[in-house]
Amino acid sequence: MSASHGYQPSWWVYVLHQVPRTNFQFEVVDSNFVPTEWNYQQALLFLASVAGLCLAVSLILICVYLIRFCCCSPEEEEDSKSQRVCCVTWSCVAAVIICCAGIGIGFYGNSETNDGVYQVTYSLTHANHTLTSIDLLVSDTLEMLNSALRSDLAQLEEIFSKRTEFVVIMRNTRRQVESVTQHLSGMSFWKDVKLSPTAVAEQVNLIEDYRWLAYILLLLLDLIICLFTLLGLAKQIKWLVIVMTVMSFFVLILSWGSMGLETAAAVGLSDFCSNPNGYVMNATQENTGLNQDILEYYLTCDQEVMNPFQQRLTMSQRALANIHSQLLGLEKEAVPQFPAAEKHLLAAQAMLNTTEGSFHHLVALLNCRGLHKDYVDGVKGLCYDGMEGLLFLLLFSFVSALSFTTAVCSLPRAWKRFQNRDSDYDDGDEDDPFNPQARRQMLRATGRPHLPSFYSYSSNCGSHSSLRVSAPPISNAPVSQYMNQSGLFSGNPRYENVPPTDRQSPPPSYSPSMRTSYISATREETDPQCRTEFLS
């Protein structure tokens, strides 16, 4: 197909078409698109196995790295160790961010591929509409002509039976009508074909729906893994990072597998797009049995290719013109002599006018421009949008495979660092009051501390020193220790809800100044009473 007809193979098609192809016996295979041949299938499988080889290499590298990480951990200085861990963590974060960018590329490629396939299905559906319209128009025209032969023209021949010259004209008209029906019946070239473009479009659309859904699920899975990996690294959640490592390993296998399928599909599509006419012509002729001239006329639509229906159309048009002139002559000469023939002549002329309108519509439908446009639109959608989307999907699979390989190697060192940071508290001094574990052990060992009652003074009159002694000592313990002591009341009513006389300790809101004021007020109240008792 030349560039003047709207399609020119792209540069990517040319590059991929030049990729060498070999079968399993390492024999060179031709790059012509013949998907039914076993050698060509072996060549595509061989290209897909390159991704399998990359998967094997990545798995070996991961195993070697993990073995070295688990078994060979030399002692390093603290500064160099922290720098190495920081580098590993940031490399993992960078790999996840690059994978997110690849996911965006994958979404775009999936959309472009879907648009290309949709264009193919739309073109097939529109071409089927054109072919169906041709069949219906031809069948309706033939039915109308046959009806006229059986009714109006037969009646006119009986009416003109007494005039030999009129009978000759009518028989000639009937022969012309039969000739038109014979020519028109040969123009319905798709009538007996079992292959339906609509059925092919539905099958392609069904496969594309499953493909689109599968890639959407894969992209969403990759995105979820990346987001949860970043969350686990940011929050230092060990179990989440471990789960995402396992999921990354699983998606790594899927990425390399999808890359193999996309490589084979891209190379095969480039072979088709480099010469689509050859494969479409051979496949259509094999499945439909159509004449090669008809297929070449519609696939190329070139002025150098003659219209295979041109002769039939010309002869039909001449026959219709002769029928029209003969009916006009009969109307002028025979109607004055045979008034009964006027009705049948008018019906025959109406039939002729309808036939001529249908004939012009049929000429437009049989022209190569309509079907050829559908063909070119389908090829453009598949070889432009489809190829572009497939290449973007290939890039996404490659980027995600490399990113998840890096993540699988980096995440184990990251979660080991999380474990080490959690165990740093165990290395502290047990006597350190700021050590949370030492503080908890001290509270378990001492149990509930005894707090002297703020109201434990005697009701008898005594010295003021006895009141001061009964007051609880002022505690300078940190607030955290007091909060830890408050946890000893678990299982009992809340401390604030117990009456003050039953608390056995001052409320936490009482300050030393408040306690001193209360002792002074109590002393002033008890002094007169003591004097009265002493005098009595």
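Residues numbered from 1 in each chain as written. Predicted model: local features only at pLDDT ≥ 70, side-chain atom pairs only at ≥ 80, totals over all residues. Heavy atoms only, no water.

A. Geometry of a nonpolar patch on the surface. Side chains of Trp11, Trp12, Tyr14 and Val15 sit close together on the surface and give an oily, nonpolar patch of about 490 Å² of accessible area. Here tryptophan 12 is to be found in helix H1 (residues 11–17). (Patch = residues over 30% accessible without salt bridge, like charges linked within 9 Å, V, L, I, M, F, W, Y side chains within 5 Å. Areas by Shrake-Rupley, 256 points an atom, 1.4 Å probe, with all protein chains shown as cover. Salt bridge = Lys/Arg side-chain N within 4 Å of Asp/Glu carboxyl O. Helix = DSSP H or I, 4+ residues; strand = E, 2+ residues; numbered from the N terminus.)

B. The confidence of the model for the protein chain, seen in detail. The predicted model of the protein chain has a mean per-residue pLDDT of 79, with 73% of residues at 70 or higher. Here helix H14 (residues 464–470) stands out as the least confident element of the protein chain, with mean pLDDT 42; helix H6 (residues 197–235) is the most confident, with 93. Long-range and interchain partners of residues 447–496, a stretch whose pLDDT sits below 50, account for 49 contacts in this model, where long-range means more than four residues apart. (pLDDT = per-residue confidence, 0-100. Contact = heavy atoms within 4.5 Å.)

C. Region of the structure containing the nonpolar core. Core analysis: the largest hydrophobic core is formed by 67 residues, its most contacted members being Phe160, Leu184, Phe189, Tyr298, Phe309, Leu362 and Leu366. Counting residues in each nonpolar core, the second largest holds 21 residues, with Ile62, Ile103, Phe404 and Val408 among its members. (Core = buried A, V, L, I, M, F, W, Y, C linked by side-chain atoms within 4.5 Å. Buried < 20%, exposed > 50% of the residue type's maximum accessible area, 1.4 Å probe, protein only.)

D. The arrangement of the state of the cysteines in detail. Per the counting criterion, the structure on display carries two disulfides. The residue that forms a disulfide with cysteine 273 is cysteine 383, at a sulfur-sulfur distance of 2.0 Å. Disulfide cysteine 273-cysteine 383: the torsion about the S-S bond is -90°, which places it as left-handed. You can see cysteine 273 sitting in helix H7 (residues 238–274) and its partner cysteine 383 sitting in helix H12 (residues 368–423), a full 110 residues away along the chain. Given a relative accessible area of 1%, cysteine 383 falls into the buried group. Shown here is the disulfide that connects cysteine 301 with cysteine 368, its sulfur atoms set 2.1 Å apart. A torsion of 55° about the S-S bond marks the disulfide between cysteine 301 and cysteine 368 as right-handed. Of this pair, cysteine 301 sits in the loop between helix H9 (292–300) and helix H10 (310–333) while cysteine 368 is found in helix H12, placing the two residues 67 residues apart along the sequence. Across the pair, cysteine 368 and cysteine 301 agree in class, each one buried. Note on cysteine 63: no disulfide assigned, nearest cysteine sulfur contributed by cysteine 409 at a separation of 9.3 Å. When its relative accessible area of 44% is taken as the criterion, cysteine 63 is described as partly exposed. With no disulfide partner, cysteine 100 has as its closest neighbouring cysteine sulfur the one in cysteine 226, 4.1 Å distant. (Disulfide = S-S within 2.5 Å.)

E. Up close: the pattern of salt bridges. Applying the stated criterion across every chain, the model contains six salt bridges. With its nearest N and O atoms 3.1 Å apart, the salt bridge here joins glutamate 157 to arginine 174. Residue glutamate 157 is found in helix H4 (residues 152–159), and its partner arginine 174 is found in helix H5 (residues 164–185); the two are separated by 17 residues along the sequence. Close ionic contact of glutamate 165 with arginine 163 constitutes a salt bridge, the shortest N to O distance being 2.2 Å. Exposure remark for glutamate 165: the relative accessible area of 38% places this residue in the partly exposed category. Taken together, the shared-partner salt bridges in this structure form one network comprising Glu157, Arg171 and Arg174.

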